[in-house]
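What follows is each chain in one-letter form.
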Amino acid sequence: MLKGKKIIIGITGSIAAYKAAFLIRLLVKEGAEVKVVTTDSANEFITPLTLSTLSKNPVYSQFTSDKESGTWTNHVELGLWADIMLIAPATANTLAKMTHGVCDNLLMAVYLSAKCPVWVAPAMDLDMYRHFSTLSNIKKLKENGVRVLESAHGELASGLVGEGRMHEPEDIVDSIKDFFNSSVWANQKVLITAGPTYEAIDPVRFIGNHSSGKMGYALAKEAAKRGADVVLVSGPSSQFTNHPNIRVISVVSAQEMHEAVIENYADANVIIASAAVADYRPKHVAEQKMKKKDSSLQIELEPTTDILADLGSKKQPNQLLIGFALETENELDNAKGKLTRKNLDFIVLNSLNNQGAGFKHDTNQITIIDKNTKTTYFELKSKEEVAHDILNTVEEFLG
Ligand code: CTP
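My aim in this report is to walk through the structure given alongside it, one point at a time. Everything quoted here is computed from the prediction, not taken from an experiment.

Cut-offs and rules
- Residues numbered from 1 in each chain as written.
- Predicted model: local features only at pLDDT ≥ 70, side-chain atom pairs only at ≥ 80, totals over all residues.
- Heavy atoms only, no water.
- Helix = DSSP H or I, 4+ residues; strand = E, 2+ residues; numbered from the N terminus.
- Buried < 20%, exposed > 50% of the residue type's maximum accessible area, 1.4 Å probe, protein only.
- Contact = heavy atoms within 4.5 Å.
- Areas by Shrake-Rupley, 256 points an atom, 1.4 Å probe, with all protein chains shown as cover.
- Lys, Arg positive; Asp, Glu negative; His and termini not counted.
- Charge placed at Lys NZ, Arg CZ, Asp CG, Glu CD.
- Salt bridge = Lys/Arg side-chain N within 4 Å of Asp/Glu carboxyl O.

### Section: the overall build of the protein chain
Alright, step 1. When you go through the protein chain residue by residue, the secondary structure sums to 14 helices and 22 strands.
Alright, step 2. Principal-axis analysis of the C-alpha atoms places the extent of the protein chain at approximately 90 × 50 × 35 Å.
Alright, step 3. Expressed as a percentage of the 399 residues in the protein chain, the buried residues total 50%.
Alright, step 4. Of the contacts formed within the protein chain by residues at least 6 apart in sequence, a portion of 65% connects residues at least 24 apart.
Alright, step 5. Counting every atom, the protein chain has about 19,900 Å² of accessible surface; 50% of that belongs to carbon and sulfur.
Alright, step 6. With 42 positive and 48 negative side-chain charges, the protein chain shows a separation of 2 Å between the mean positions of the two kinds.

Shown next, in the form of structure tokens:
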């Protein structure tokens, strides 16, 4: 099954474009979500209407969908959306453009901004396929991580060897299924905390913080995208996900977050604590709304449980524990202190001194310090891209 997998099918101008229709139908039948990007010449071979009906999504072909209103197709969003991008059929022309970064249509823009694995299924006539230019383009693409579904060497109806012929849709679907099942994330259970906690003062007031939950949700989505099963324990947040591989448990207070985490940590292999948990809560919660008085007000606070430190003390050898540190001074030393104290595998440091990093922003600038004191600095990036970097580091540990 490919339930919840997000797949971009790029179609270029080859007679094999008709096979893309079968491919899309099979992928949708397996539960995948499919979005189709076509080139102008692909539209000569197969109609967008057929493709949108089969994929149950609009077909993207042009940069602007409505020139008068200025509506445009966001190729970066499409590139981030996908778990895998497959160009099938890929013509000699498209392979050449991919090799050299020629960006003269929407499909190439999506390809150049894709953050996911890219696959191509070449289709062309034998002479074009065997031409040194095409062969060297294919070689270069492979060297740079593009997976090339080399053309089948099967028999054509004419009895000729079918080099240059596109893979059959059934075989492509099998390869995609194998790919998702063999990912290091396929059997991982990931537990993530996200957002702020609210500590009640009385029925209408609380002590909270500015955490938006964006980082935690981005991590959950990225882990799910890579094939993990995710439990996301989230404090109050306006973020949203309906990814089938993410189970969201909504909590309000640090204590509720702790309880939800304890219920779910035992079978988690990877635990990421990105929540901004309150360190203190009011010792007594007033049952009725507190009335305004003339004198000053004192609220006695007591410490909450440090969830991450608790997990650190219970950590099993098969578990990776990752924490966050938000610092305003002595950043590296403070973060290293937390790494050791809480028994973490690595800690993600964000400094409020960096413009655009931390709460509420859509961007973040992080430094990762691991338990072997390896320190890696990253540039200011979107939280989705930061999630990518963090999970790549997790992958190094898992690998
Ligand atoms: N954390 C947690 N439970 C708490 C407090 C923090 O799980 N009660 C986790 C956060 O999710 C984060 C890490 O601990 O991953 C660091 O939190 P932070 O508040 O920066 O560190 P503290 O240890 O609380 O130290 P300080 O507030 O002094 O900076």
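Having put the structure on the table, let's press on.
### What to know about the pattern of salt bridges
Alright, step 1. Taken as a whole, this structure holds 20 salt bridges when the rule is applied.
Alright, step 2. In this structure, the salt-bridge partner of Glu30 is Lys177, at a minimum N-O distance of 3.1 Å. In this pair, Glu30 sits in the loop between helix H1 (17-29) and strand S2 (33-38) while Lys177 sits in helix H9 (residues 169-182), placing the two residues 147 residues apart along the sequence.
Alright, step 3. Across the salt bridge formed by Arg226 and Glu222, the nearest N and O atoms sit 2.8 Å from each other. The residues Arg226 and Glu222 share a single accessibility class, namely buried.
Alright, step 4. Each of Lys19, Arg165 and Glu168 takes part in one network of salt bridges that share partners.

Any functional reading would require information beyond the geometric quantities listed.
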